[in-house]
Amino acid sequence: MTQPNTDSDRARAALSAVRGEVAKTVVGQDSAVAGILIALLCRGHILLEGVPGVAKTLLVRSVAAALDVDTKRVQFTPDLMPGDVTGSLVFDNATSEFTFREGPVFTNLLLADEINRTPPKTQASLLEAMEEHQVSIDGVPRALPEPFVVAATQNPVEYEGTYPLPEAQLDRFLLKVTLPLPPREDEISILSRHAAGFDPRDLAGAGMTAVASPDDIAAGVAAVRQVSVAPAVLGYIVDIARATRMSPSLSLGVSPRGATALLATSRAWAWLSGRDFVTPDDVKALAQSTLAHRLGMRPEAELEGVSVSAVLDAAINSVPVPR
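In this text the structure is predicted, and so the values were computed from the model without any measurement.

### Considerations on the sheet that holds strand S9 (residues 175–178)
So, step 1. Taken in spatial order, the five strands make up an open sheet running S2-S5-S8-S1-S9, and their pairing is parallel. Both edges of this open sheet fall to strand S2 (71–75) and S9, since each of them pairs with a single strand only. Each strand axis lies, on average, 20° off the axis of its neighbour in the sheet, ignoring direction.
So, step 2. By the bridge criterion, four bridges tie strand S1 (residues 46–49) to S9 in an arrangement that is parallel. Within S9, the residue paired with leucine 48 across the bridge is valine 177.

Below you can see the structure in the form of structure tokens.
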């Protein structure tokens, strides 16, 4: 019998405690918290979609506080320039030389608020940072701190003055999680907290403390890489991806990058669940949030009112589950 990996177990306990800590400020939205943790463990990024007022910004700030990592927020607007995100060279009169001034992207958890409100040129300024964990200014690559995760938000109901993310950038997001409106009981709980004096700008006043650290994240990243995946489960992931490419409702199916993303998120979820192997249930649990935003619907299917979620479910159900 093998000895338990104490570093791995300690990291899992600390990261699992983050969900309870965030619940002190954000009611519900547990799947979004889990999504951010999975993105951190996979060194990926997450797109949070929801109508205004469902605590997208508060959620990211709360997770950063519980993890004791640095966070910065960028409000994306039509006049935002790439240098406002990445940083730029500034002339220093004292030395008569150009020096680099870091932009807000130099952080651990970047909140890209309403990312679809800025033009494609500025949206693209994040591509290198998201893929390579670095930015190049004047031909000089500059490494970003670790961990580095972009948590971008977008409003799904307002399209005037927005610039929809192109498929190439959507594919850079490991996960897309929708934050729903809360059920009645949760909404009553939210109002009760505010009636009792809760201030969303004062996380410490709400009793939030750091329950995990960047070291726990690093230990978790290493542990997730050790999670085993049986050949049958690998085949299951590939068959789901291939089923989407054959769907008559889709113009764009899941690419090999998407299948790799599903493998990564399934391993992270298995580890968070206390296992060192992936099951088909792990794959099914993460399929929607990992794959749905990578699919392109045919216009005729959209006119018929078919949803991406329903098409993906049909593709998943068409694949035999390995025993």
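### As for helix H10 (residues 231–245)
So, step 1. For H10, spanning 15 residues, the distance from its first C-alpha to its last is 21 Å, which sits close to the expected 21 Å at 1.5 Å a residue.
So, step 2. Residues of H10 that are buried: Val233, Tyr236, Ile237, Ile240, Ala241, Ala243 and Thr244. Buried residues in H10, looked at end-on, bunch into an arc of 160°, giving them a common side.
So, step 3. Among the structural elements, strand S10 (250–252), helix H11 (256–272), helix H12 (280–291) and helix H14 (308–317) are those in contact with the buried residues of H10.

### Section: the nonpolar core
So, step 1. Counting 71 residues, the largest nonpolar core has Leu15, Leu59, Leu67 and Trp271 as its most contacted members.
So, step 2. In terms of residue count, the dominant contributor to this core is helix H2 (residues 30–41) (eight residues).
So, step 3. Within the second largest apolar cluster, 21 residues are counted, among which are Val74, Met130, Phe148 and Phe173.

### Observations concerning helix H1 (residues 6–22)
So, step 1. Between its first and last C-alpha, H1 extends 25 Å over 17 residues, near the 24 Å set by a 1.5 Å rise per residue.
So, step 2. The complete set of buried residues in H1 reads Ser8, Ala11, Arg12, Ala14, Leu15, Val18, Glu21 and Val22.
So, step 3. Looking at the buried residues of H1, the elements they touch are H2, helix H3 (56–67), helix H9 (214–224) and H11.

### Looking at the pattern of salt bridges
So, step 1. Counting across every chain of the model gives 15 salt bridges.
So, step 2. The residue arginine 43 makes a salt bridge to glutamate 146 at a minimum N-O spacing of 2.6 Å. With a gap of 103 residues between them, arginine 43 in the loop between H2 and S1 and glutamate 146 in the loop between strand S7 (140–143) and strand S8 (149–154) connect regions that are remote in the sequence.
So, step 3. Look at arginine 43 and you get partly exposed, because its relative accessible area is 38%.
So, step 4. Since its relative accessible area comes to 43%, glutamate 146 is described here as partly exposed.
So, step 5. Between glutamate 131 and arginine 172 there is a salt bridge, with the nearest N and O atoms lying 3.2 Å from each other. With a gap of 41 residues between them, glutamate 131 in helix H6 (residues 127–132) and arginine 172 in the loop between helix H7 (167–170) and S9 connect regions that are remote in the sequence.
So, step 6. Residue classification places glutamate 131 among the partly exposed positions, given a relative accessible area of 41%.
So, step 7. Residue class for arginine 172 comes out partly exposed when judged on its relative accessible area of 23%.
So, step 8. What emerges from the salt-bridge pattern is a single network uniting Glu131, Asp171, Arg172, Arg257 and Arg294.

Criteria and cut-off values
- Residues numbered from 1 in each chain as written.
- Predicted model: local features only at pLDDT ≥ 70, side-chain atom pairs only at ≥ 80, totals over all residues.
- Heavy atoms only, no water.
- Pairing = 2+ DSSP bridges.
- Helix = DSSP H or I, 4+ residues; strand = E, 2+ residues; numbered from the N terminus.
- Axes fitted to C-alpha atoms, helices over the stretch in contact; angles between N-to-C directions.
- Expected span 1.5 Å × (residues − 1).
- Buried < 20%, exposed > 50% of the residue type's maximum accessible area, 1.4 Å probe, protein only.
- Arc of directions from axis to C-beta.
- Contact = heavy atoms within 4.5 Å.
- Core = buried A, V, L, I, M, F, W, Y, C linked by side-chain atoms within 4.5 Å.
- Salt bridge = Lys/Arg side-chain N within 4 Å of Asp/Glu carboxyl O.

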